[in-house]
Amino acid sequence: MATIDGLPPLREVIATHGLAAKKSLGQNFLLDLNLTAKIARQAGELSDCDVLEIGPGPGGLTRGLLAEGARRVLAVEKDARCLPALAEISDAYPDRLQVINADALQLDPLEHLTPPIRVAANLPYNVGTELLVRWLTPPQWPPYWQSLTLMFQREVADRIVARPGSKTYGRLSLLASWRAEARIVMTLPPEAFTPPPKISSAVVHITALPEPRYPADPKVLEQVIARAFNQRRKMLRAALKGLKPDIEDRLIASGIKPTDRAETVKLEQFCALARAVAAP
Ligand code: SAM
């Protein structure tokens, strides 16, 4: 059966190259090229951008990104078994796809990319959160990317976009909303993947803010939020005890009741608290 890009269907690619999914590498493949093109479209205008893709696998999303007009794609894949399949895509799109066989956690992709840069990936679940935190934190901040369009487990996506008062609100939500704007743009049922994972997935689109939403020292903010959420069921005066002798006064000065719990406190209040804690 012919495909939109003239390359073989992904099921055939997987059979030809013996790409049985490996659990240890978080391999749940997307085989529907209409779906991967739809995800690629969520990444925004690609024709003037280099796109960094982590974990291309057999290349479904890679083909979506190229078919949607990406200027160039840099695909970083740890599993060497996928390289011959990806080479076929490079041949079909001359000079537009570079594949690097590496662990994305060990590689500095900037050496291989020309701005403007967007990131798009169906991330391996085991490294997705780690990569996101890195993309939002120095030394990768200020960001080299314009946007991140990333597939996560639904539960992780919910944590990224959560608002105060929600059970999933926490460190990831606060980090994302301090430096960026994050929203869920698609949800996918397990059956969209081969093999199907146990749970649903969601695509999150994240754009960087030019400045953090409220001023705060990043290290102090991280410390305050980490302590507050490590004991999320405790009142803040207990959870933050020991941070400063007069922590209750500093909480009140930041507009937070010492009896509040972390999950009801807004980003703006955490930033005020970080400033109050950093003050002499
Ligand atoms: N993008 C493909 C798709 O949508 O069908 C595959 C997605 S699969 C969920 C995750 C991919 O990431 C796999 O191909 C896996 O081999 C690769 N991977 C896992 N850990 C990696 C790492 N540390 N660095 C780079 N790639 C990795």
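Residues numbered from 1 in each chain as written. Predicted model: local features only at pLDDT ≥ 70, side-chain atom pairs only at ≥ 80, totals over all residues.

## Regarding the site of the ligand
Move 1: Of all residues adjacent to the ligand, which total 22 residues, the nearest are Gly55, Gly57, Ala104, Asn122 and Pro124.
Move 2: Elements represented by at least two residues in the shell around the ligand include exactly β1 (29-30), α3 (60-67) and β3 (72-77).
Move 3: Its residues assigned to classes, the shell around the ligand comprises eleven nonpolar, seven polar and four charged. (Near = placed C-beta within 6 Å. Helix = DSSP H or I, 4+ residues; strand = E, 2+ residues; numbered from the N terminus. Nonpolar A, V, L, I, M, F, W, Y, C, P; charged D, E, K, R; others polar.)

## Let's talk about the UniProt feature "binding site: S-adenosyl-L-methionine" (unreviewed entry) in the protein
Move 1: The UniProt entry lists Asn28, Leu30, Gly55, Glu77, Asp103 and Asn122 under the feature "binding site: S-adenosyl-L-methionine" (unreviewed entry), expressed in the numbering used here.
Move 2: Structurally, the position occupied by glutamate 77 is in strand β3.
Move 3: Residue glutamate 77 is classed as buried on the basis of its 25 C-beta neighbours within 10 Å.
Move 4: Within the secondary structure, aspartate 103 is located in the loop between β4 (97-101) and β5 (117-122). (UniProt positions renumbered as here; feature names shortened; annotations may be inferred. Buried ≥ 20, exposed ≤ 12 C-beta atoms within 10 Å, placed from the backbone.)

## Observations regarding the sheet that holds β5
Move 1: Overall, mixed pairing links the seven strands, which are arranged β4-β3-β2-β5-β6-β9-β7 in an open sheet. The sheet is open, and its two borders are formed by β4 and β7 (180-188), each paired with just one other strand. Going from strand to strand, the sheet's axes swing by 20° on average, the running direction of each strand aside.
Move 2: With six bridges connecting them, β5 and strand β6 (residues 145-153) associate as parallel partners. Residue pairing in the sheet places alanine 121 in a bridge with leucine 150 of β6. (Pairing = 2+ DSSP bridges. Axes fitted to C-alpha atoms, helices over the stretch in contact; angles between N-to-C directions.)

## Examining helix α7 (residues 171-179)
Move 1: With eight of its nine residues buried, α7 lies for the most part within the structure.
Move 2: Looking at α7, one finds that the buried residues are Leu172, Ser173, Leu174, Leu175, Ala176, Ser177, Trp178 and Arg179.

## Topic: the packing of helix α2 (residues 33-42) against α3
Move 1: At a minimum axis distance of 8 Å, the contact between α2 and α3 shows a crossing angle of 60°. Judged on the interaxial angle alone, α3 and α2 are oblique. α3 is crossed by α2, and the crossing has right-handed handedness. Facing α2, whose interface residues are Leu33, Thr36, Ala37, Ile39 and Ala40, α3 presents Gly60, Leu61, Arg63, Gly64, Leu65 and Ala67. (Parallel < 35°, antiparallel > 145°, perpendicular 65-115°, else oblique. Left-handed = near helix turned anticlockwise from the far one by under 90°. Contact = placed C-beta atoms within 7 Å.)

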